Amino acid sequence: MSNEEVLKIKDVAALLKVGDKTVYSMAQTGELPAFKVRGQWRFSRKDIDAWIEQQKHTTQDFGNSIFSIGGMYSESAFSYCKSLKQVTLPPQIKDIGERAFFGCNNLSSVAFNEGLLFIGESAFSNNKALTEINIPATVQKLADKCLDRVKRIHINGYLPKDFFKSCILKIG
């Protein structure tokens with residue numbers, strides 16, 4: 001099977017050794033990366049392979065040379081990683097890209113660093129366990145839906161004039 005292959009529900013079910021209904025439900029809720037073609041769920045083999053690998057992560061050491069998570073070339077870096085429970089960002093991280101931690105349903109704790117400047121679109125959206133977060137004073141912009149469903153957002157320090165200009169938050 002090539003990485004360019006498009007899979008049907010039954011193919012993904014066989015690959016994951018689960019029932020068709022489980023795959024359908026996971027696609028419906030956004031737990032699996034999927035798309036529809038004329039109302040039928042389809043899956044990129046490349047995305048499914050990446051999703052499987054992400055399920056194996058429990059901790060992640062970012063080292064000293066990474067300044068961006070899920071940036072321009074690696075959006076959705078940890079998306080759908082169900083085993084990820086806690087994230088502590090080192091001081092050199094300046095931005096968190098689009099959908100970087102989207103759908104990490106067991107992620108309940110995120111510690112942002114002073115020095116963080118930007119949180120990208122849907123970066124922490126669709127995370128059921130993440131209910132409270134502290135935004136450091138250094139953050140200059142929150143993108144659309146970056147903290148969707150986070151019930152308590154604490155912002156430390158002064159807010160720039162256009163801080164919420166393009167930010168759409170769905171709280172609750």
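These numbers were taken from a predicted model, which means no experiment stands behind them.

Draft legend 1. Main features of the packing of helix 1 (residues 9-16) against helix 3 (residues 45-54). One can describe the packing of helix 1 onto helix 3 by two numbers: an axis separation of 12 Å at closest approach and a directional angle of 30°. As judged from the angle between their axes, helix 1 and helix 3 are roughly parallel. Viewed along their axes, helix 1 and helix 3 form a crossing whose handedness is right-handed. On the side of helix 1, the interface is formed by V12, L15 and L16, while helix 3 contributes R45, I48, D49, W51 and I52. Residue composition of the contact of helix 1 with helix 3, by class: six nonpolar, no polar and two charged.

Draft legend 2. Examining the pairing of strand 9 (residues 132-135) more closely. Across the two faces of strand 9 the burial differs, with I133 and I135 buried and E132 and N134 not buried at all. Pairing of strand 9 with strand 11 (residues 152-155), which is carried by four bridges, proceeds in the parallel orientation. Among the inter-strand pairings, I135 is bridged to a residue of strand 11, identified as I155.

Draft legend 3. Inspection of the environment of E4 at higher detail. Relative to the helices and strands, E4 resides in the segment before strand 1 (6-7). Residues E4 and R45, spaced 41 residues apart in sequence, show a C-alpha to C-alpha distance of 6.5 Å.

Draft legend 4. Quick peek at unusual backbone geometry. Backbone geometry places Y80, a non-glycine residue, at a positive phi of 65°. Although it is not a glycine, N126 adopts a positive phi angle of roughly 60°. Looking at where N126 falls in the secondary structure, it is placed in the loop between strand 8 (118-119) and strand 9. On the accessibility criterion, N126 (14% relative accessible area) is buried.

Draft legend 5. Focus on the nonpolar core. In terms of nonpolar packing, the biggest core is built from 26 residues, with I96, F101, F112, I119 and F124 touching the most fellow members. Apart from residues lying up to four places away in sequence, F112 is in contact with L89, I96, I119, F124, I133, N134, I135 and P136. Counting residues in each nonpolar core, the second largest holds 14 residues, with A13, F43, I48 and W51 among its members.

The rules behind each value
- Here the residue numbers are simple positions, counted from 1 along each chain's written sequence.
- The predicted nature of this model means local features are confined to residues of pLDDT at least 70 and side-chain atom pairs, given and counted, to a pLDDT of 80 or more, with totals for whole chains, interfaces and linings taken over all residues.
- As a rule here, side-chain values cover all heavy atoms of the structure and leave hydrogens and water aside.
- Lines fitted to the C-alpha atoms define the axes, with helices restricted to the stretch that makes contact. Angles between their N-to-C directions range from 0 to 180 degrees.
- Comment: elements are numbered from the N terminus, with helices defined as DSSP H or I runs of at least four residues and strands as E runs of at least two.
- Oblique is the label for every angle not falling under 35 degrees (roughly parallel), over 145 degrees (roughly antiparallel), or within 65 to 115 degrees (roughly perpendicular).
- In this scheme the handedness of a crossing depends on how the near helix is turned from the far one: anticlockwise by less than a right angle means left-handed, clockwise means right-handed.
- Contacts were defined at the residue level, with two residues in contact if any of their heavy atoms lie within 4.5 Å.
- Classes in brief: Ala, Val, Leu, Ile, Met, Phe, Trp, Tyr, Cys and Pro nonpolar; Asp, Glu, Lys and Arg charged; the others, Gly included, polar.
- We call a residue buried when its accessible area falls under 20% of the maximum for its residue type, exposed when it is over 50%, and partly exposed in between, using a 1.4 Å probe and counting protein chains only.
- Think of it this way: DSSP has to see at least two bridges between two strands before they count as a pair.
- Among buried residues, those of type Ala, Val, Leu, Ile, Met, Phe, Trp, Tyr and Cys that are joined through side-chain atoms within 4.5 Å constitute a nonpolar core.

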